[in-house]
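What follows is each chain in one-letter form.
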Amino acid sequence: MMKTLALVTSAGSLPIDVDMPLLLQACRSLGLHAEVCDWEDPDVPWGRFDAAVLRSPWNYVDALPAFMAWCDRVAPVTRLFNPPQVARWSLDKRYLSDLARLGVPVVPSCFVAPQDNVDAVLHGFLHDFLKSQPQAAEIVVKPTVGAYSRDVQRFHRDRLDLAAGYIRTLHARCHQVILQPYLSSIDRDGETNLAFFDGQYSHAIRKSAMLMADGTVHVPTQDLRQARDADADEQAVAGAALRAAALHLGLREPLLYARVDLVRNDEGQPMVLELEICEPSLNLPFAEGSALRFAQAMARRVGH
Ligand SMILES: Nc1ncnc2c1ncn2[C@@H]1O[C@H](COP(=O)(O)OP(=O)(O)O)[C@@H](O)[C@H]1O
Ligand SMILES: [Mg+2]
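The structure presented is a predicted model; accordingly, all values stated were derived computationally and were not measured.

Chemist: Please clarify how the overall build of the chain should be interpreted in this entry.
Modeler: Counting its regular elements, the chain contains nine helices and 13 strands. Taking 2.2 N^0.38 as the reference for a compact globule, 304 residues should give roughly 19 Å; the C-alpha atoms of the chain span a radius of gyration of 20 Å, in line with that estimate. Dimensions of the chain along its principal axes, counting C-alpha atoms only, are 65 × 40 × 35 Å. Within the chain, the fraction of its 304 residues that count as buried is 55%. On the chain, the mean spot of the 30 positive side-chain charges and the mean spot of the 37 negative ones are 3 Å from each other.

What follows is the structure in structure tokens.
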């Protein structure tokens, strides 16, 4: 029997999902039947698919409870990749503290909840991290749930009043907040996004810095990305992050797909900025053969 896959998107995101056409083509070349499905379409018979693969349901950021409820509803009637507990854990950047506890080098992160004393946390953070990294002139403030650099801002360490005001603004909008030192290597080298299929490194890109010194925040459009190979130490850190995630979540098999975003700190050590294991853009147009590797990994999971 021919296996069928649902590639899960949202109506508004499909036009900007540059991976989708390549993935569909790769599935066709393997004789794997793949259909693009909108997670919000009530008429999709999810149980008729051998698997549903989260690809670009990117409007979930504004509908997180509804999206997680959808994942929990669909997972029992088909096979959802990556599974709901993976999505749930990875959609809130507080997972960085779980990775850090497991020994993964992550960008030093401090979390501020709405009930915390903002000034006390900010000063404690400055004391702990910026004193040990005197060259870090700036800090980054961002919500723990977000994407596309939305609401991410950088502040000079001498303008903590501005940072505190911004933290309170995010709190008033019911966000938990992360503070990080601004890793300035990103201005020169960008960040590196590594893609993995079935736990195997596939390819990488360089993504330019999104936070400009004048306060402008870019969204990560295609022109700000370029193909590059990940260095051996980057592949090692990304692999360790994925193994730690699997351990933390008690997974019995490697993640079908994953993206790990790294930035080097001032000592040159690659640090995890983000783990994208729910619905990552995988930069397939930048790496020949990557869409086929992804399709092959999906085919193996459904026994095609
Ligand atoms: N600590 C940091 N140092 C330097 N740049 C950062 C830092 N945190 C975030 N950025 C910049 O902001 C962008 C968005 O932040 P990120 O943590 O990737 O969140 P998301 O992509 O989920 O919005 C990154 O791509 C990077 O350019
Ligand atoms: Mg990012």
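On we go from here.
Chemist: Help me understand a nonpolar patch on the surface, please; the structure alone is not making it clear to me.
Modeler: A contiguous nonpolar surface patch, about 290 Å² in accessible area, is contributed by Ile16, Tyr148 and Val219. With respect to the helices and strands, the residue Val219 is situated in the loop between strand 10 (200–207) and strand 11 (225–228). Given a relative accessible area of 46%, Val219 falls into the partly exposed group.

Chemist: In this structure, what is going on with the side chain of Ser13? I would like to understand it.
Modeler: For Ser13, the location among the structural elements is in the loop between strand 1 (4–9) and helix 1 (20–29). On the basis of relative accessibility, which here comes to 7%, the residue Ser13 falls in the buried class. Ignoring sequence-local partners within four residues, the contact set of Ser13 consists of Ser56, Trp58 and Asn59.

Chemist: Sorry if this is basic, but what is going on with helix 1 here?
Modeler: The periodicity of an α-helix, 3.6 residues per turn, causes residues three or four positions apart to be oriented the same way. For helix 1, every residue scored as buried is listed here: Met20, Leu23, Ala26 and Cys27. The arc enclosing the buried residues of helix 1, seen along the axis, measures out at 125°, which places them on a common side. In helix 1, the exposed positions that point more than 90 degrees away from the buried face belong to Pro21, Arg28 and Ser29. In this fold, the buried residues of helix 1 make contact with strand 1, strand 2 (33–38), strand 3 (51–56) and helix 9 (290–301). Positive backbone phi, approximately 75°, marks Gly31, located one or two places after helix 1.

Chemist: So what exactly am I meant to see when it comes to the packing of aromatic side chains here?
Modeler: The relation between two aromatic rings is expressed through the spacing of the ring centres and the mutual angle of the planes. Per the counting criterion, the structure on display carries twelve aromatic pairs. Grouped by ring-pair contacts, the aromatic residues Trp39, Trp46, Phe49, Tyr60, Phe67 and Trp70 constitute a single cluster. Above the plane of the ring of Tyr257 lies Arg55, whose end atom (NZ or CZ) is 5.6 Å from the centre. When the ring centre of Tyr182 is taken as reference, the NZ or CZ atom of Arg154 above it lies at 4.0 Å.

Chemist: Please clarify how the environment of Gly146 should be interpreted in this entry.
Modeler: By secondary structure assignment, the location of Gly146 is in the loop between strand 6 (138–143) and strand 7 (153–156). As for Gly146 and Asp158, which are separated by twelve residues in sequence, their C-alpha atoms are 26 Å apart. The contact partners of Gly146, leaving out residues within four places of it in the chain, are Val61 and Lys93.

Chemist: Explain the state of the cysteines to me, please; I cannot follow it from the model alone.
Modeler: Here, the word disulfide means a covalent bond between the sulfur atoms of two cysteines. Counted by the stated rule, this structure contains zero disulfides. A disulfide-free cysteine, Cys27 has its sulfur positioned 12 Å from the sulfur of Cys37, the nearest such atom.

Chemist: Got a minute to help me understand the packing of helix 1 against helix 9 in this structure?
Modeler: Packed helices, taken two at a time, are described by their axes: the angle between them and the distance between them. Relative orientation of the contacting elements helix 1 and helix 9 amounts to 60°, with a least axis distance of 8 Å. Classified by the angle between their axes, helix 1 and helix 9 sit oblique to one another. By crossing handedness, the relation of helix 1 to helix 9 is classed as right-handed. For the pair formed by helix 1 and helix 9, the contact residues are Leu22, Leu23, Ala26, Cys27 and Ser29 on the first element and Ala291, Leu292, Phe294, Ala295 and Met298 on the second. Within the contact of helix 1 with helix 9, the residues separate by chemical class into nine nonpolar, one polar and no charged.

Conventions and cut-offs
- Residues numbered from 1 in each chain as written.
- Chains lettered and ligands numbered in written order.
- Predicted model: local features only at pLDDT ≥ 70, side-chain atom pairs only at ≥ 80, totals over all residues.
- Heavy atoms only, no water.
- Helix = DSSP H or I, 4+ residues; strand = E, 2+ residues; numbered from the N terminus.
- Rg over C-alpha atoms; globule rule 2.2 N^0.38 Å.
- Buried < 20%, exposed > 50% of the residue type's maximum accessible area, 1.4 Å probe, protein only.
- Lys, Arg positive; Asp, Glu negative; His and termini not counted.
- Charge placed at Lys NZ, Arg CZ, Asp CG, Glu CD.
- Patch = residues over 30% accessible without salt bridge, like charges linked within 9 Å, V, L, I, M, F, W, Y side chains within 5 Å.
- Areas by Shrake-Rupley, 256 points an atom, 1.4 Å probe, with all protein chains shown as cover.
- Salt bridge = Lys/Arg side-chain N within 4 Å of Asp/Glu carboxyl O.
- Contact = heavy atoms within 4.5 Å.
- Arc of directions from axis to C-beta.
- Phe/Tyr/Trp six-rings, centres within 6.5 Å; stacked < 30°, edge-to-face > 60°.
- Lys NZ or Arg CZ within 6 Å of the ring centre and 35° of its normal.
- Disulfide = S-S within 2.5 Å.
- Axes fitted to C-alpha atoms, helices over the stretch in contact; angles between N-to-C directions.
- Parallel < 35°, antiparallel > 145°, perpendicular 65-115°, else oblique.
- Left-handed = near helix turned anticlockwise from the far one by under 90°.
- Nonpolar A, V, L, I, M, F, W, Y, C, P; charged D, E, K, R; others polar.

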